[in-house]
Amino acid sequence: QIPVIWSQSFMKSAPRASCNSELPVFIVGMPRSGTSLVEQILASHRDVHGAGELSLLGNVAESVQASINDSNDPHTELQTLLAESADELASRYLAPLTALAPDAQRITDKMPANFMHLGLVELLLPNAVVIHCKRDPLDTCLSCYFQDFAGDHPYTNDLVSLGQYYSGYARLMQHWHSVLGIPILEVEYEALVTRPDAVIPEIISFCGLEPDDACLEFHASRRTVVTASYDQVRQPLYTRSIGRWRNYEKHIGKLKTALSL
């Protein structure tokens, strides 16, 4: 239903919030795709606060979805809701975000699943930026499969479900690229760890920030990291995770099929 509602024609005509804040940086993608690494790099900047995985945008999206669930015309219902409440919905996200670090120039929100809500980002927070973290699909899925997410991501317990979820995510991101005007920077994990001197400055510049050498020494930061990647972001960049899927190639036929590889 989301790609139908968030069509190109809808995005052109939908009411937008008057919010002009440049505070939010949304870091999205699949789990285990480099989102924690990108946030650690940005959070090492003197003008950036790394807020981690926030539920704020998901909560706003749930309230919007609840308002249109029973409608026979979700397009019109959403248009009406935005016309009446876009500024209030934007404030629901922005007010608690700002309170986390009132003096920051940028605040990162690295909830990976926010990739589902980028249409709302454009309409409510039009001056936000989005960083889309990408990684080889086989490496991404196997890293998810090997990680114990304690029930938070049940699709990761089965290779077929993992492949289907990844394929759905990839289709949705392709859709967003075709209908959104908000800035989206794609950061490939493989490029980041092999060419950090080129990729890290690109990330910093994309966020409208001045260069900061601390971003190249991100592993020295003592900020608290509570995601599954807490250990990796304490180390200098390494390349040993690239192509790790080849060690398991004879066991992942079903995953390859689900990914159409």
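Here, the structure is the one placed above.
Not measured: the values here are computed from a predicted model.

(A) Main features of the pairing of strand β3 (residues 106-109). Because side chains alternate across β3, one face comprises the buried residues R106 and T108, and the other comprises I107 and D109, equally buried. Examined bridge by bridge, strand β1 (residues 24-29) and β3 share three bridges and lie parallel to one another. Looking across to β3, one finds that F26 is bridged to D109. Strand direction decides the pairing type here: strand β2 (residues 48-50) and β3, joined by three bridges, are parallel. Among the inter-strand pairings, V48 is bridged to a residue of β3, identified as R106.

(B) Molecular detail of helix α3 (residues 35-43). The element α3 is largely enclosed, with a buried count of nine among its nine residues. Those residues of α3 that sit buried are T35, S36, L37, V38, E39, Q40, I41, L42 and A43.

(C) Examining the layout of surface pockets more closely. A volume near 150 Å³ is recorded for the second largest pocket. The wall of the second largest pocket is formed by L54, S55, G58, N59, E62, M111, A113, N114, M116 and H117. Residues that form the lining of the second largest pocket fall into these classes: four nonpolar, five polar and one charged.

(D) Representation of the packing of aromatic side chains. One pass over the structure, following the stated rule, counts nine aromatic pairs. A ring pair is formed by F115 and Y165, whose centres lie 6.5 Å apart and whose planes are at 85°; its orientation type is edge-to-face. Note that F115 is positioned in the loop between β3 and α6 (118-124) and Y165 in helix α8 (residues 159-179), a separation of 50 residues in sequence. Since its relative accessible area comes to 23%, Y165 is described here as partly exposed. Between F115 and Y169, the ring centres sit 5.1 Å apart and the planes meet at 70°, which makes this aromatic pair edge-to-face.

(E) Looking closely at helix α4 (residues 56-68). With 13 residues, α4 should cover 18 Å at 1.5 Å per step; its first-to-last C-alpha distance of 19 Å lies within 8% of that length. The set of residues buried in α4 consists of L56, L57, G58, V60, A61, V64 and I68.

Calculation notes
Residues numbered from 1 in each chain as written. Predicted model: local features only at pLDDT ≥ 70, side-chain atom pairs only at ≥ 80, totals over all residues. Heavy atoms only, no water. Buried < 20%, exposed > 50% of the residue type's maximum accessible area, 1.4 Å probe, protein only. Helix = DSSP H or I, 4+ residues; strand = E, 2+ residues; numbered from the N terminus. Pairing = 2+ DSSP bridges. 1 Å grid on protein atoms, 1.4 Å probe; cavity = no way out; pocket = protein on both sides within 12 Å on 5 of 7 lines; lining within 4 Å. Points joined across faces, edges and corners; volume = space filled by probe spheres on them. Nonpolar A, V, L, I, M, F, W, Y, C, P; charged D, E, K, R; others polar. Phe/Tyr/Trp six-rings, centres within 6.5 Å; stacked < 30°, edge-to-face > 60°. Expected span 1.5 Å × (residues − 1).

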